[in-house]
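Each chain, letter by letter, is given below.
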Amino acid sequence: SPVERMGLADHQWALVRAGRATIESFLDVADALGEETDYDVLDGLAGPLGLIDDQIVVPGSPVQQLFRDWVVRRFEPGLEQLGWSPAPGEDDAVRLRRASLVRLVGGIAEAPAVMAEARRWLDRYLLDRAVLEPNLADPVVGLAARGGDDALYDQYREVVAAARTPQERRRFLLNLASFRTPGTLRRTLAAVLTPEIPTQDVAFVLIRLLGNPPVAGQAWTFMTHKWTALRRRVPPLMLSRLVDGTPALREPRYAREVGTFFRAHPVPEATRALKQALEVFRLNAELRRRTAPGLARWLAQHGA
């Protein structure tokens, strides 16, 4: 049953995290679930697979490419079978499954075909909001931004300014942090210091930037340089959330920088969050050290 399959995947990943099972054992389970049709199981797999892509493989490395190729091979056929447009009378479970597959194949693996399709749908969606199945709105807006240029960024800002609903406004506003060009990054960083990004959203935009690998390091540098101004713009309750987001920076040198910076600029509201963030940095580094060799071996055996 789906509950048993989800339980098996969760349990196996928990054992890997605890150092009581190899990463290969989890990947064998994930590989066996390539034809999975239950969206809860697919979403459950997305957590560990996203963490492997974010924290274990080296960004831009051959191993990351092998990992992403494997994700595409296992899960893209399910998406191709469903297509991006709902069939007449399609039930919610199928719609949610499609969105789960877009997040796996696009969000994690950044499959070129899915990224290009997301952009095509976004262009149609900007002209007519009814054209896109509602469960795909978040992934499509996010994926299109990753490959977007200054012109698309301008369109997102226009949607934010003229949004018809709070949900639409927030969807486009937070995804300003999904763009990756130097120009768009500069503009987003400048905007977090102005009322254009409301105080309640500043931390969320910064957290998304920290989790956007091509721009994360620059976002952290900006945070340290503009900390006095940012502290005034981030509500006290959100400061700990912002500190919680720092382990996305991944590298041990950033763990040292985060520790040093917040000891020099204490945030009383985030004392516990800092301690936890530094522990997450440490645990992720330990997981990487323990699992990276096995991951590379498994991928070499399961190549195209």
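Rules behind the numbers
- Residues numbered from 1 in each chain as written.
- Predicted model: local features only at pLDDT ≥ 70, side-chain atom pairs only at ≥ 80, totals over all residues.
- Heavy atoms only, no water.
- Helix = DSSP H or I, 4+ residues; strand = E, 2+ residues; numbered from the N terminus.
- Rg over C-alpha atoms; globule rule 2.2 N^0.38 Å.
- Contact = heavy atoms within 4.5 Å.
- Lys, Arg positive; Asp, Glu negative; His and termini not counted.
- Charge placed at Lys NZ, Arg CZ, Asp CG, Glu CD.
- Buried < 20%, exposed > 50% of the residue type's maximum accessible area, 1.4 Å probe, protein only.
- Polar contact = N/O pair within 3.5 Å; in protein donor to acceptor, adjacent residues only side chain to side chain.
- Core = buried A, V, L, I, M, F, W, Y, C linked by side-chain atoms within 4.5 Å.
- 1 Å grid on protein atoms, 1.4 Å probe; cavity = no way out; pocket = protein on both sides within 12 Å on 5 of 7 lines; lining within 4 Å.
- Points joined across faces, edges and corners; volume = space filled by probe spheres on them.
- Nonpolar A, V, L, I, M, F, W, Y, C, P; charged D, E, K, R; others polar.
- Phe/Tyr/Trp six-rings, centres within 6.5 Å; stacked < 30°, edge-to-face > 60°.
- Lys NZ or Arg CZ within 6 Å of the ring centre and 35° of its normal.
- Salt bridge = Lys/Arg side-chain N within 4 Å of Asp/Glu carboxyl O.
- Axes fitted to C-alpha atoms, helices over the stretch in contact; angles between N-to-C directions.
- Parallel < 35°, antiparallel > 145°, perpendicular 65-115°, else oblique.
- Arc of directions from axis to C-beta.

What to know about the overall build of the chain
Then comes step 1: Within the chain, the secondary structure is distributed over 16 helices and zero strands.
Then comes step 2: By the compact-globule yardstick of 19 Å for 304 residues, the chain fits well, its C-alpha radius of gyration being 20 Å.
Then comes step 3: By principal-axis analysis of the C-alpha atoms, the chain measures approximately 50 × 50 × 35 Å.
Then comes step 4: Taking contacts inside the chain between residues at least 6 apart in sequence as the whole, the part at least 24 apart equals 72%.
Then comes step 5: Charge separation in the chain, taken as the distance between the mean sites of 40 positive and 37 negative side-chain charges, equals 8 Å.

A look at the environment of Gln64
Then comes step 1: Residue placement: Gln64 occurs in helix H4 (residues 62-82).
Then comes step 2: Exposure remark for Gln64: the relative accessible area of 10% places this residue in the buried category.
Then comes step 3: A sequence separation of 235 residues divides Gln64 from Leu299, and the C-alpha atoms of the two residues are 9.7 Å apart.
Then comes step 4: Discounting chain neighbours no more than four positions away, the residues touching Gln64 are Asp53, Val57, Val58 and Pro59.
Then comes step 5: Reaching out from Gln64, the side chain makes a polar contact with the side chain of Asp53 at a distance of 3.3 Å.

A closer look at unusual backbone geometry
Then comes step 1: One non-glycine residue with positive phi stands out, namely Glu110, at about 50°.
Then comes step 2: The topology assignment puts Glu110 in the loop between helix H5 (92-108) and helix H6 (112-127).

What to know about the nonpolar core
Within soluble globular proteins, side chains that are nonpolar tend to cluster in buried spots.
Then comes step 1: Among the nonpolar cores identified, the biggest contains 102 residues, and Leu49, Ile52, Phe67 and Tyr156 are the most heavily contacted of them.
Then comes step 2: Those residues in contact with Tyr156, other than ones at most four positions away along the chain, are Leu122, Val141, Ala144, Ala145, Phe172, Asn175, Leu176 and Phe179.

So, the layout of surface pockets
Then comes step 1: Reported here for the largest pocket is a volume of approximately 1,400 Å³.
Then comes step 2: In terms of lining residues, the largest pocket is bounded by 45 residues, among which Asp54, Arg146, Gly211, Asn212 and Pro213 are the most central.
Then comes step 3: Secondary-structure elements contributing two or more residues to the lining of the largest pocket are helix H3 (39-56), H4, H5, helix H7 (137-146), helix H9 (166-174), helix H11 (199-210) and helix H12 (213-225).
Then comes step 4: For the lining of the largest pocket, the residue count by class is 19 nonpolar, twelve polar and 14 charged.

A closer look at the packing of aromatic side chains
Then comes step 1: Taken as a whole and assessed by the stated rule, the structure comprises 13 aromatic pairs.
Then comes step 2: Taken together, the ring pairs in this structure connect Tyr125, Tyr153, Tyr156, Phe172 and Phe179 into an aromatic cluster.
Then comes step 3: Note that Arg253 overlies the ring of Tyr254, its terminal NZ or CZ placed 4.2 Å from the centroid.

Regarding the pattern of salt bridges
A side chain with one charge can pair with a side chain of the opposite charge if their charged atoms come near.
Then comes step 1: As enumerated under the stated definition, the model contains 26 salt bridges in all.
Then comes step 2: Taking the shortest distance from any N to any O, the salt bridge between Arg187 and Asp154 comes out at 2.5 Å. One end of the pair, Arg187, is in helix H10 (residues 182-191); the other, Asp154, is in helix H8 (residues 150-162), with 33 residues separating them in the sequence.

What about the packing of helix H14 (residues 236-244) against helix H16 (residues 271-301)?
Then comes step 1: Direction vectors running N to C along H14 and H16 enclose 10°, while the axes themselves pass 8 Å from each other. Relative to H16, the element H14 is oriented roughly parallel. Here Ser240, Val243 and Asp244 of H14 lie close against H16, whose contacting residues are Ala273, Leu274, Gln276 and Ala277.
Then comes step 2: Residue composition of the contact of H14 with H16, by class: four nonpolar, two polar and one charged.

Description of the side chain of Arg171
Then comes step 1: Its location among the elements puts Arg171 in helix H9.
Then comes step 2: For Arg171, a relative accessible area of 18% translates into the label buried.
Then comes step 3: Polar contacts involving the side chain of Arg171 include one to the side chain of Tyr125, which spans 3.3 Å.
Then comes step 4: Dropping the residues within four chain positions of it, Arg171 is found in contact with Tyr125, Ala137, Asp138 and Val141.

With respect to the packing of H3 against H5
Then comes step 1: Where H3 contacts H5, the axes come no closer than 9 Å and their chain directions differ by 10°. With respect to H5, the element H3 is oriented roughly parallel. Seen from H3, the contacting residues are Tyr39, Leu42, Asp43, Ala46, Leu49, Gly50 and Asp53; seen from H5, they are Ala93, Leu96, Arg97, Ser100, Leu101, Arg103, Leu104 and Ile108.
Then comes step 2: Broken down by class, the residue content of the contact of H3 with H5 amounts to nine nonpolar, two polar and four charged.

Details of H12
Then comes step 1: Among all positions in H12, only Val215, Ala216, Ala219, Trp220, Phe222 and Met223 are buried. Relative to the axis of H12, the buried residues are bounded by an arc of 160° and lie together on one face.
Then comes step 2: Buried residues belonging to H12 abut H10, H11, helix H13 (227-233), H14 and helix H15 (252-264).

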